[in-house]
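Here's the letter readout for the chains.
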Amino acid sequence: MKIVASYSIKGGVGKTAASVNLAYAAAKAGNETLLIDLDPQGASSFYFRIGASKKEKRSYFFTKKNRLLSQVKGSNYKRLDILPANLSFRNFDIMLNNMSKSKQRLKELLSSLKNEYDLIILDCPPNINLLSENIFNAADMILVPVIPTTLSERTYEQLLTFFHKNGYKKKIIRPFFSMAQSKNKLHHNTINDLEKRHPEFMKSIISFSAEIERMGIHREPVLAYASRKSKVQSYRTLFNEIVHILAKKK
Ligand SMILES: Nc1ncnc2c1ncn2[C@@H]1O[C@H](COP(=O)(O)OP(=O)(O)O)[C@@H](O)[C@H]1O
Ligand SMILES: [Mg+2]
């Protein structure tokens with residue numbers, strides 16, 4: 001079982017769009033897949049037409065596997081399950097703060113699911129806090145959407161600095177360009193510059209696409225309704241790249 005986190009310190013960069021479509025692509029490719037919506041806003045649960053999970057009592061999320069599994073919902077797609085978010089997820093940091101091994105709780109919990117799933121995708125809230133550190137400890141890959149602008153570049157570098165200062169392994173961080181506009185000069189130059197300075201960028205680029213914006217109306221992954229020729233198929237290429245990288249990991 002592998003764990004991929006769709007994560008950024010910033011909001012509105014394409015984490016949820018990536019989580020939803022990568023989870024769909026993974027299930028289509030034959031993997032038993034669980035998408036965990038860690039963001040109390042519940043956007044990825046919404047895209048899959050799944051209601052909020054029941055209100056969690058303190059700390060159950062991180063301690064009681066059966067309790068957690070009872071909240072997992074099937075989706076409309078074969079091999080794809082969703083653990084929806086609810087508003088109590090905003091209290092994760094308070095829960096974790098009161099627990100021993102407070103940075104390892106998510107890793108412990110998810111490793112107990114290794115017989116059930118081939119891949120777990122974490123749709124993360126925009127933050128850098130105790131939950132984020134749980135994510136850094138649990139994930140095999142931290143996939144970071146980066147909009148090719150100066151501010152996003154700066155946030156990405158802040159993340160690298162955080163990893164460096166806190167002893168996390170930088171090699172699990174894999175950024176990709178999100179909402180890229182090929183005709184936009186700033187985007188074009190930023191992509192060229194960042195690719196040179198950061199060879200860890202994924203080759204697949206997710207372009208800005210009105211089809212992706214319309215996911216909220218369709219309420220399904222864009223891959224489920226886009227044409228074979230649509231540029232949004234780059235989510236599949238991104239998924240294949242992820243598989244390739246994870247296969248090289250022991
Ligand atoms: N490649 C894209 N092209 C156009 N719009 C996008 C793209 N990716 C995401 N969006 C839109 O941008 C908004 C933020 O995306 P989302 O995935 O929710 O970001 P995050 O989870 O990082 O907050 C949403 O309205 C979404 O539909
Ligand atoms: Mg989101």
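Bear in mind that the values here come from a model prediction, so they are computed numbers and not experimental data.

Peer 1: Any chance you could break down the overall build of the protein chain for me, citing the residues and the numbers?
Peer 2: Scanning the protein chain from terminus to terminus reveals 12 helices and 7 strands. With respect to the principal axes defined by its C-alpha atoms, the protein chain has extents near 50 × 40 × 35 Å. Relative to its full complement of 250 residues, the protein chain shows a buried share of 52%. Of all intrachain contacts in the protein chain linking residues separated by at least 6 positions in sequence, the fraction that spans at least 24 positions is 77%. Counting 41 positive and 21 negative side-chain charges, the protein chain places the averaged centre of each group 2 Å from the other.

Peer 1: Can you tell me about the sheet that holds strand E5 (residues 119-123), naming the residues and giving the values?
Peer 2: Here 7 strands make up an open sheet; going across it, the order is E3-E4-E2-E5-E1-E6-E7 and the pairing mixed. The open sheet has two edge strands, strand E3 (73-74) and strand E7 (173-177), and neither has a second partner. Judged from the 2 bridges that link them, E3 and strand E4 (residues 80-83) form a sheet pairing that is antiparallel. Within E4, the residue paired with Gly-74 across the bridge is Asp-81.

Peer 1: Outline the site of ligand 1, listing residues and values.
Peer 2: Around ligand 1 there are 15 residues in total, and Gly-12, Lys-15, Thr-16, Ala-17 and Ser-209 lie nearest to it. Lys-15 is positioned with one of its side-chain polar atoms (N or O) 2.8 Å from an oxygen atom of ligand 1. The separation between an oxygen atom of ligand 1 and a polar main-chain atom of Ala-17 is 2.8 Å. Elements with a contribution of two residues or more to the shell around ligand 1: helix H1 (15-28) and helix H10 (210-213). Element by element, the count of residues in the shell around ligand 1 is highest for H1, at 3 residues. Taken together, the residues that form the shell around ligand 1 break down as 7 nonpolar, 6 polar and 2 charged.

Peer 1: Can you explain the packing of aromatic side chains? Please cite residues and give values.
Peer 2: One pass over the full model with this rule turns up 16 aromatic pairs. Arranged with centres 5.1 Å apart and planes meeting at 90°, the rings of Tyr-24 and Tyr-77 form a pair that is edge-to-face. Linking Tyr-24 in helix H1 with Tyr-77 in the loop between E3 and E4, this pair joins segments that are 53 residues apart in sequence. In this pair, the class of Tyr-24 matches that of Tyr-77, namely buried.

Peer 1: Break down the pairing of strand E1 (residues 2-6) for me, citing the residues and quoting the values.
Peer 2: A large share of E1 lies buried, amounting to 4 of its 5 residues. One ladder, built from 5 bridges, connects E1 with E5; its direction is parallel. Bridge assignment links Lys-2 to a residue of E5, and that residue is Leu-119.

Peer 1: Run through the pairing of strand E2 (residues 33-37), naming residues and quoting values.
Peer 2: Two faces, one strand: in a regular strand the side chains alternate between the faces of the sheet. The element E2 is extensively covered by neighbouring structure, given that 5 of its 5 residues are classed as buried. Side chains of E2 alternate between two faces, with Thr-33, Leu-35 and Asp-37 and Leu-34 and Ile-36 buried alike. Sheet topology note: the E2/E4 ladder contains 4 bridges and is parallel. Along E4, the bridge assignment pairs Ile-36 with Leu-83. Pairing of E2 with E5 involves 5 bridges; the strand directions are parallel. Bridge pairing links Leu-34 to Ile-120 in E5.

The rules behind each value
- Residues numbered from 1 in each chain as written.
- Chains lettered and ligands numbered in written order.
- Predicted model: local features only at pLDDT ≥ 70, side-chain atom pairs only at ≥ 80, totals over all residues.
- Heavy atoms only, no water.
- Helix = DSSP H or I, 4+ residues; strand = E, 2+ residues; numbered from the N terminus.
- Buried < 20%, exposed > 50% of the residue type's maximum accessible area, 1.4 Å probe, protein only.
- Contact = heavy atoms within 4.5 Å.
- Lys, Arg positive; Asp, Glu negative; His and termini not counted.
- Charge placed at Lys NZ, Arg CZ, Asp CG, Glu CD.
- Pairing = 2+ DSSP bridges.
- Near = heavy atom within 4 Å.
- Polar contact = N/O pair within 3.5 Å; in protein donor to acceptor, adjacent residues only side chain to side chain.
- Nonpolar A, V, L, I, M, F, W, Y, C, P; charged D, E, K, R; others polar.
- Phe/Tyr/Trp six-rings, centres within 6.5 Å; stacked < 30°, edge-to-face > 60°.

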